[in-house]
Amino acid sequence: MTDVAASDFRQPRSYVRLDTILRLRWLAALGQLVAIFVVAQGLEFDVPIVPCVCIIAFSALLNLALQIAFNPMQRLEPTYAAALLALNIVELGALLYFTGGLQNPFSFLFLAPVLISATVLPIRLTIALGCLAVACASALFFYHLPLPWDADDPLVLPPIYLIGVWLSILLAIGVTSLYAFQVTEEARQLSDALAATELVLTREQHLTQLDGLAAAAAHELGTPLSTIFLISRELEKTVHDPSLAGDLKTVREQAQRCRDILSKIAQLSSSGAPFDNMKLSTLIEEAVAPHRDFGVNIKVRLAVAATPEPIGARNPAILYGVGNILENAVDFAHQTVEVNAWWNAETVEIVISDDGPGIAPDMLKRIGEPYLSRRRGADEAQNARGGLGLGVFIARTLLERTGAKVSFTNRIFPDHGAVAQIVWPRESFEGDAPKSESAS
């Protein structure tokens, strides 16, 4: 089995680009300016235009300064991105102070910077921004100028309503940010797991390509080495100088040694070349062989069928997938692992079962999800599986790419243990093998 370290594929949390935040800040500044113009000129409400425009002008000047001083395409460190989002919250709080505080319907825009942070920044910075937004909203509950309104018919909102607005902002920041963070984290984990799958398959294919290159090198180098060997042997017979004869003998012996090494490489490659075809029984034996020396009895049974045994191309994805599931079965088995296979004209099936504790009910429907884990105590660890995560996800993904359907169940009581069922349409399993061999 190919080991994959988390450091090989886990990517750090994506940093947000400066250009992205600047675009959001420009959009916010433009929206705030339009809102003030509409309220002051369209609705003819008394709005403190000068302080509001000064705040928006400060935001615009800062945006221009950042665009000039830095490359907008660069990715910001989380702390700097959080600082700009915090500045957005403070600027919004200042505008709301002059335009009615929590009575202003735009007070819910406190949610936007925190929501952005939840999708791209670490959780500690998101919590800090959420606390800042709640603090600004709380301050606006007590300190703010009157809401711009018709002087002849002033709007007076009861305190209980403002408390409800404050509470709704608090809950919206907490709930939506938590939801956004959870969704983003799951998407990130899925992306990392898929990257791990690609890495495993790439490594397996790279190994088989090296095998093919070794076979080609052995074939191509065989002829010149044979020529060197023959010429050095003939020269050795005709040269009478002892020192020169000794050197020619050394050349002949080393050429023969190279021929022997290449012969061994060719023999290894001929028995396991990347495009060799293999019977189902051979595939199972190759997957089982590495796990026979771990104190677990592995029983392999092939059902007798009326149709010929299926033959497919030696596929690294199938070998890795079957091997990984078998490795899990050996890890959790008490004494025995059974590998049963059968086929007919339509399907090819492999069933791997063990006599271990089985799969915990709360994990049974989630097997195959990336980074699936189960926290458990020492006693529980003896009775339920844990840690069936990335490895099973990779195995399942690779097998399903070959056309297989993979399912996991537990044995029926009173038996105990897990059962993994892998089923291919026969045409998918034999898709890469010559039809003449498959039918033989």
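Residues numbered from 1 in each chain as written. Predicted model: local features only at pLDDT ≥ 70, side-chain atom pairs only at ≥ 80, totals over all residues. Heavy atoms only, no water.

I would appreciate a short explanation of the overall build of the protein in the present structure.
Summing up its helical and strand segments, the protein has 14 helices and seven strands in all. Counting the 440 residues in the protein, one finds 39% classified as buried. Sequence separation of at least 24 residues holds for 76% of the intrachain contacts in the protein that already meet a minimum separation of 6. Looking at the protein as shown, the accessible area adds up to about 24400 Å², and 62% of this sits on carbon and sulfur atoms. (Helix = DSSP H or I, 4+ residues; strand = E, 2+ residues; numbered from the N terminus. Buried < 20%, exposed > 50% of the residue type's maximum accessible area, 1.4 Å probe, protein only. Contact = heavy atoms within 4.5 Å. Areas by Shrake-Rupley, 256 points an atom, 1.4 Å probe, with all protein chains shown as cover.)

So what exactly am I meant to see when it comes to the sheet that holds strand β6 (residues 405–410) here?
Neighbouring strands of a sheet are bound in pairs by backbone hydrogen bonds; such pairs are parallel or else antiparallel. The sheet built from five strands is open, its strands ordered β2-β4-β5-β7-β6 with mixed pairing. This sheet does not close on itself; its edge strands, each paired only once, are β2 (297–302) and β6. On average, each strand axis in the sheet is tilted by 15° relative to the strand beside it, whichever way the strands run. Note: β2 against strand β4 (residues 336–343), six bridges, orientation parallel. Bridge pairing in β4 places Arg301 opposite Asn340. (Pairing = 2+ DSSP bridges. Axes fitted to C-alpha atoms, helices over the stretch in contact; angles between N-to-C directions.)

Before we go on, may I ask you to explain the environment of Glu400 in this structure?
Along the chain, Glu400 turns up in helix α12 (residues 390–401). Along the backbone, Glu400 and Ala317 are 83 residues apart, and their C-alpha atoms lie at a distance of 9.5 Å.

Is there a simple way to explain the environment of Trp26 in this structure?
One can find Trp26 in helix α1 (residues 18–42). Accessibility expressed as a relative area gives 29% for Trp26, which makes it partly exposed. A sequence separation of 33 residues divides Trp26 from Ser59, and the C-alpha atoms of the two residues are 8.3 Å apart. For Trp26, the residues in contact, after removing those within four places along its chain, are Ala60, Asn63, Leu64 and Gln67.

Would you mind going over unusual backbone geometry with me for this structure?
Across the chain, the bulk of peptide bonds are trans and the bulk of non-glycine residues have phi less than zero. Of note, the amide linkage connecting Phe413 to Pro414 takes the cis form, showing an omega dihedral of 15°. Notably, Glu44 is not glycine yet its phi reads approximately 60°, a positive angle. Of note, Glu44 is situated in the loop between α1 and α2 (49–69).

Where do I start with the UniProt feature "transmembrane region" (unreviewed entry) in the protein in this structure?
With numbering matched to this structure, UniProt assigns "transmembrane region" (unreviewed entry) to residues 21–41, 47–66, 78–98, 104–121, 128–147 and 159–181. End C-alpha atoms of residues 104–121 are separated by 29 Å, and the span's content is 56% helix alongside 0% strand. (UniProt positions renumbered as here; feature names shortened; annotations may be inferred.)

Could you clarify how one ought to interpret the packing of helix α3 (residues 78–98) against helix α5 (residues 123–142) in this entry?
When two helices pack together, their arrangement is given by the angle between the helix axes and the distance between those axes. Relative orientation of the contacting elements α3 and α5 amounts to 10°, with a least axis distance of 10 Å. Classified by the angle between their axes, α3 and α5 sit roughly parallel to one another. Across from Pro78, Thr79, Ala82, Leu85, Ala86, Ile89, Val90, Gly93, Leu96 and Tyr97 in α3, the residues of α5 making contact are Leu125, Leu129, Leu132, Ala133, Cys136 and Leu140. Among the residues forming the contact of α3 with α5, the class breakdown is 14 nonpolar, two polar and no charged. (Parallel < 35°, antiparallel > 145°, perpendicular 65-115°, else oblique. Nonpolar A, V, L, I, M, F, W, Y, C, P; charged D, E, K, R; others polar.)

Please clarify how the packing of α1 against α3 should be interpreted in this entry.
One way to put it is that α1 packs onto α3 with a least axis distance of 11 Å and a crossing angle of 5°. With respect to each other, α1 and α3 are oriented roughly parallel. Contact with α1, carried on its side by Leu18, Ile21, Arg25 and Gln32, involves Ala81, Leu84, Leu87, Asn88, Glu91 and Leu95 of α3 and no other residues of that element. The class makeup of the residues in the contact of α1 with α3 is six nonpolar, two polar and two charged.

How should the side chain of Glu91 be read in this particular structure?
Within the secondary structure layout, Glu91 lies in helix α3. Separated by 3.2 Å, the side chains of Glu91 and Arg25 make a polar contact. Each residue touching Glu91, except ones within four places of it in the same chain, is listed here: Arg25, Ile55, Phe58 and Ser59. (Polar contact = N/O pair within 3.5 Å; in protein donor to acceptor, adjacent residues only side chain to side chain.)

Explain α1 to me, please; I cannot follow it from the model alone.
Since the α-helix turns once every 3.6 residues, residues separated by three or four places project in the same direction. Across its 25 residues, α1 extends 35 Å between first and last C-alpha, which sits within 8% of the 36 Å expected from 1.5 Å per residue. For α1, the set of buried residues is Leu18, Asp19, Ile21, Leu22, Arg25, Ala29, Ile36 and Ala40. Elements in contact with the buried residues of α1: α2 and α3. With its phi angle positive at about 60°, Glu44 sits one or two positions after the end of α1. (Expected span 1.5 Å × (residues − 1).)

Can you help me understand the nonpolar core in this one?
The nonpolar side chains of a soluble globular protein tend to be buried, and buried together. Val337 and Trp424 are the most contacted members of the largest nonpolar core, which totals 38 residues. Those elements that place two or more of their residues in this core are α8 (280–288), α9 (316–332), β4, β5 (347–354), α12, β6 and β7 (418–425). The element best represented in this core is α9, accounting for seven residues. (Core = buried A, V, L, I, M, F, W, Y, C linked by side-chain atoms within 4.5 Å.)

Just to check I follow, could you spell out the pattern of salt bridges for this structure?
Close approach of charged atoms lets side chains of opposite charge pair. Applying the stated criterion across every chain yields a total of seven salt bridges. We note a salt bridge from Arg23 to Asp19, for which the minimum N-O separation is 2.7 Å. Here the residue Arg23 and the residue Asp19 both occupy positions in helix α1, the gap between them amounting to four residues, near one helical turn. One salt bridge connects Arg411 with Glu338, and the closest N-O pair in it is separated by 3.9 Å. With Arg411 in the loop between β6 and β7 and Glu338 in strand β4, the pair connects residues that are 73 residues apart, well separated along the chain. By relative accessible area, Arg411 is classed as partly exposed at 26%. By sharing partners, the salt bridges in this structure join Arg301, Glu338 and Arg411 into a single network. (Salt bridge = Lys/Arg side-chain N within 4 Å of Asp/Glu carboxyl O.)

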